[in-house]
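Survey of secondary and tertiary structure
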Amino acid sequence: MIQLKGISKSYGSLEVLQDIELSIADHEIMTIVGPSGAGKTTLLQIAGTLDLPDRGSVSYDGTEITSLSDRRLSEFRNSNIGFIFQFHQLLPEFSAQENVALPALIAGVSRRKAMKRAGELLDLLGLSDRLRHKPTQMSGGERQRAAIARALINDPSVIFADEPTGSLDSRNRDEICSVISKLRLELGQTFVIVTHDPSIARIADRVVNMADGRIVGIETVAKFDNSTFIY
């Protein structure tokens, strides 16, 4: 679905990414791991169209998106890509349902339809009793589930997540892992996840290892009888 070819990126004299080659398949869960400073988040931002490479190309289903105008790129991003961040980034003055509906409203969906879809997604993620709660009235795990629902509101083809469990305790971390697995199974969702959390490897199909701005290995995760093997 997504092809990154020859991706390089520098900030001044610091070369952050060097000749990255990576393909992301439909309906897979991919994790990107490595030490701090390896270039993981920069790669995620470029794959998710939030930043542009200095060299190389990013293609979605054969469409090269790095050459699109700012307006067309923004439209493409809003329609095709969802984002989840380490800190939920919910707006404190809005309810959970309103927060989830916002990207759809920005895309021009009517308020009635956007709010209805937001309610359906929150129900899917076990938050039907939190529709009118503001972020301060929700637990950390509930806020992150609401952020996942917001990422899903425009039915994106792929969701990029940057440390989605980084601010959570072990119980809520396991809950978010279960939610991601459920969404891939029920909605056919694709996830690309930057993480330092080794527990997320158990739900991944592939683990991309990075160091010093390069991909140093890609491991396939096999699962048998609830056990996980990486090879």
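See the structure above.
Let me begin by describing the structure that accompanies this report. (Residues numbered from 1 in each chain as written. Predicted model: local features only at pLDDT ≥ 70, side-chain atom pairs only at ≥ 80, totals over all residues. Heavy atoms only, no water.)

For the protein chain, the count of helices and strands is 6 helices and 11 strands. For 231 residues, the compact-globule estimate of 2.2 N^0.38 gives 17 Å, and the C-alpha radius of gyration of the protein chain, at 18 Å, lies within 12% of that figure. Here the C-alpha coordinates of the protein chain stretch approximately 45 × 45 × 30 Å along the principal axes. Looking at the protein chain residue by residue over its 231 residues, the buried ones come to 49%. Look at the contacts in the protein chain between residues 6 or more apart in sequence, and 66% of them connect residues 24 or more apart. In the form shown here, the protein chain has an accessible surface area of approximately 11000 Å², with 49% of it arising from carbon and sulfur atoms. When the 26 positive and 29 negative side-chain charges of the protein chain are each reduced to one mean point, those points stand 6 Å apart. (Helix = DSSP H or I, 4+ residues; strand = E, 2+ residues; numbered from the N terminus. Rg over C-alpha atoms; globule rule 2.2 N^0.38 Å. Buried < 20%, exposed > 50% of the residue type's maximum accessible area, 1.4 Å probe, protein only. Contact = heavy atoms within 4.5 Å. Areas by Shrake-Rupley, 256 points an atom, 1.4 Å probe, with all protein chains shown as cover. Lys, Arg positive; Asp, Glu negative; His and termini not counted. Charge placed at Lys NZ, Arg CZ, Asp CG, Glu CD.)

Read from one edge to the other, the open sheet built from 4 strands follows the order β2-β1-β4-β5, with strand pairing classed as antiparallel. Of all the strands in the sheet, the pair left with one neighbour each is β2 (14–24) and β5 (63–64). Bridge count for strand β4 (residues 55–60) against β5 is 2 bridges, and the pairing is antiparallel. Within β5, the residue paired with serine 59 across the bridge is glutamate 64. (Pairing = 2+ DSSP bridges.)

Turning next to the environment of threonine 49. Among the secondary structure elements, threonine 49 is positioned in the loop between α1 (40–47) and β4. Residue class for threonine 49 comes out buried when judged on its relative accessible area of 3%. Sequence spacing of threonine 49 and isoleucine 81 is 32 residues, and the spatial spacing of their C-alpha atoms is 8.8 Å. The residues touching threonine 49, leaving out its near neighbours within four places in the chain, are Tyr60, Ile65, Leu73, Arg77 and Ile81.

Packing of helix α5 (residues 140–152) against helix α6 (residues 170–187) leaves a shortest axis separation of 10 Å and a crossing angle of 25°. In this view, α5 runs roughly parallel relative to α6, as classed from their interaxial angle. The way α5 lies across α6 gives a crossing that is right-handed. Note on element contacts: α6 touches α5 through Asn172, Glu175, Ile176, Val179, Leu183 and Leu187, opposite Gly141, Gln144, Arg145, Ile148 and Leu152. (Axes fitted to C-alpha atoms, helices over the stretch in contact; angles between N-to-C directions. Parallel < 35°, antiparallel > 145°, perpendicular 65-115°, else oblique. Left-handed = near helix turned anticlockwise from the far one by under 90°.)

Inspection of the entire model under this criterion finds 3 aromatic pairs. Judged by centre distance (5.1 Å) and plane angle (80°), the ring pair of tyrosine 60 and phenylalanine 76 falls under edge-to-face. Taken together, the positions of tyrosine 60 in strand β4 and phenylalanine 76 in helix α2 (residues 70–80) put the pair 16 residues apart, joining distant regions of the chain. With a relative accessible area of 4%, tyrosine 60 lands in the buried category. Measuring from ring centre to ring centre gives 6.2 Å for phenylalanine 83 and phenylalanine 85, while their planes differ by 10°; the resulting arrangement is stacked. Owing to a relative accessible area of 33%, phenylalanine 85 belongs among the partly exposed residues under this scheme. Here the aromatic residues Phe83, Phe85 and Phe160 are joined through ring pairs into a cluster of three or more. (Phe/Tyr/Trp six-rings, centres within 6.5 Å; stacked < 30°, edge-to-face > 60°.)

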